[in-house]
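# Structure at a glance
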Amino acid sequence: MSKNVLMVCARGGHFTELIELVDVFNGFDKTLVTYRDDYVLESECFNKVYLVPNPLGGVFNMGIFLLNTIKIIFRTRPAVVFSTGAEIAIPFFLLCKLFYHSQLIYVECSAQVFNPSGTGKLVYPIADLFIVQWKTLLGKYGKKAKYVGGLL
Amino acid sequence: MENIAWKVWQKGKICWWVAMIFVTVGSMVQGFDRLIKSIDLIAEITGLDFYVQTGCSNYKPLNCKYSKYVAYNESENLIRNCQLLICHAGIGTLILAKKYSKKTVIVPRFAKFKEHFNDHQSEICKIIESENRPNIAVVWDINNLAGTVSMMLSQSHLLSTPIDINSGKNNIVNEIKKLLNTL
């Protein structure tokens, strides 16, 4: 049975970066979690797609989001969690590490040129692989951060 | 359901001598009226063939085809097939533009006009400008947009400019593979 990878991203550039890197996980069972939105999402790259409400849209949305998060994590039991960014990754990273000791891969968005993102700072301590896309960010994070070139 | 954007592109392909220019402002929740307005003005004056993805902008262009959003696959198609791409400095669009080596005119969103939360798009533009890629032009003042567009359209040789597309991506892929092999 193939292992599960949970791929988490927000919309826009985060999503494009994730699509660029999705082929690395061929051979895994790929599950995507992203925000529900009024633009159309069509992609055949994934075995399963979960759409969740934006937790910053109010207390009610936050509640639905957290319930969905827990449901998705228990259903997927991921061996690897992969994210290209934004706050949606935080609960998935924390809970998957806690329950399933998943390997956590975080690629900082290439929009962060000089300053680290809030999400990056939060997930840095628990991430197993932490990649930044600009050299200028290396000094802002610790030794674990890696720079090997960027997508842009 | 027939796809409006696709129809527009078909039209552009049949009239291949008409420049098909794709304008996109991404999936941001804030509008980018400054760009849409001046594109509309350019379309009115020059009669060039624009297709505009307006996002959450309030201004609706009168002289070109537009839609609020286009699906991800479709936007990739439009970027691959257009002659010139005009866009905000969003990472998604820029990665696709690089993937297909497109001639690109970038207009950054500014926080002072309430077009974005912060000025990270200016940072991206600065770092791209410093790389001196020949097929990318950054427009800092919207009044220079028309001039830059006509300059980029007239330089047909830029289309074939070879760019080292994959080195960064391959390195990241290898790093991830290294970790996956330990599983």
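Anything mentioned here points back to the structure above.
Attention here is on the structure that accompanies the text. (Residues numbered from 1 in each chain as written. Chains lettered and ligands numbered in written order. Predicted model: local features only at pLDDT ≥ 70, side-chain atom pairs only at ≥ 80, totals over all residues. Heavy atoms only, no water.)

### Section: unusual backbone geometry
All names here are of chain A. Which entries qualify depends on this criterion: Numbering of helices and strands runs from the N terminus, with a helix taken as a DSSP run of H or I at least four residues long and a strand as a DSSP run of E at least two residues long. Each residue's exposure class comes from its accessible area (1.4 Å probe, protein chains only) as a fraction of the maximum for that residue type: buried when under 20%, exposed when over 50%, partly exposed otherwise.
The phi angle at A86 is positive, at roughly 75 degrees, despite the residue not being glycine. Positionally, A86 belongs in the loop between β4 (80-85) and α3 (89-100). Phi is positive for H101, close to 50 degrees, though the residue is something other than glycine. Positionally, H101 belongs in the loop between α3 and β5 (103-107). Judged by its relative accessible area of 62%, H101 is exposed.

### Focus on the packing of helix α2 (residues 59-76) of chain A against α3(A)
A pair of packed helices is captured by two measures, namely the crossing angle of their axes and the spacing between those axes. All names here are of chain A. Where we set the bar: Only the stretch in contact is used when a helix axis is fitted, and all axes are lines through C-alpha atoms; the angle between N-to-C directions ranges over 0 to 180 degrees. Convention used here: angles under 35 degrees read as roughly parallel, angles over 145 as roughly antiparallel, angles from 65 to 115 as roughly perpendicular, and any remaining angle as oblique. Take the far helix as your reference; a near helix turned counterclockwise from it by less than a right angle gives a left-handed crossing, and one turned clockwise gives a right-handed crossing. Whether two residues are in contact is decided by their heavy atoms, any of which lying within 4.5 Å being enough.
Contact geometry for α2 and α3: axes closest at 10 Å, N-to-C directions at 40 degrees. Classed by the angle they form, the pair α2 and α3 counts as oblique. The element α2 and its partner α3 pack so that their crossing is right-handed. Contact residues: F65, T69, I70, I72, I73 and F74 in α2; P91, F92, L95, C96, F99 and Y100 in α3.

### Considering the interface of chain A and chain B
As a reminder of what qualifies: Buried area: the accessible surface (1.4 Å probe) lost by two parts on joining, summed over both. The rule for a salt bridge is simple: a side-chain nitrogen of Lys or Arg has to be within 4 Å of a carboxyl oxygen of Asp or Glu.
Facing 38 residues of chain A, the contacting portion of chain B comprises 33 residues. Taken together, the two surfaces of chain A and chain B that pack against each other cover about 3,400 Å², and 70% of this comes from carbon and sulfur. It is A:E20, A:V24 and A:L152 in chain A that bury the most area against chain B; as a group they hold 20% of the surface buried on that side. A salt bridge links A:K146 to B:E175, with the shortest nitrogen-to-oxygen separation between them at 3.0 Å.

### Description of the sheet that holds β4(A)
All names here are of chain A. For clarity, the cut-off: In this scheme, strands are said to pair when DSSP sees at least two bridges between them.
Read across the open sheet, the seven strands follow the order β3-β2-β1-β4-β5-β6-β7; overall the sheet is parallel. Whereas interior strands pair on both sides, the edge strands pair on one side only; in this sheet they are β3 (48-52) and β7 (145-147). Neighbour-to-neighbour, the strand axes of this sheet turn through a mean angle of 20 degrees, independent of strand direction. As paired strands, strand β1 (residues 4-9) and β4 are joined by five bridges and run parallel to one another. In the sheet register, M7 faces β4, and the bridge partner there is F82.

### Notes on the pattern of salt bridges
Residue and element names in this part refer to chain B. Taken as a whole, this structure holds eight salt bridges over all chains when the rule is applied. Two residues, R34 and E115, come together in a salt bridge whose shortest N-O distance is 2.8 Å. Here E115 lies in the loop between β5 (104-106) and α5 (120-130) and R34 lies in helix α2 (residues 33-46), a separation of 81 residues in the sequence.

### Some remarks on the nonpolar core
As a reminder, the rule being used: Here, the term nonpolar core denotes a set of buried Ala, Val, Leu, Ile, Met, Phe, Trp, Tyr and Cys residues that are joined through side-chain atoms within 4.5 Å.
Membership of the largest hydrophobic core comes to 53 residues, with the highest contact counts inside it found for A:M7, A:F25, A:F82, A:I105 and B:I176. Filtering out sequence-adjacent residues up to four positions away, B:I176 remains in contact with A:V24, A:F25, A:F82, A:I105, A:L129 and A:I131. Listed in part, the 28 residues of the second largest apolar core include A:L6, A:V52, A:A86 and A:F130.

Geometry only, nothing functional implied.
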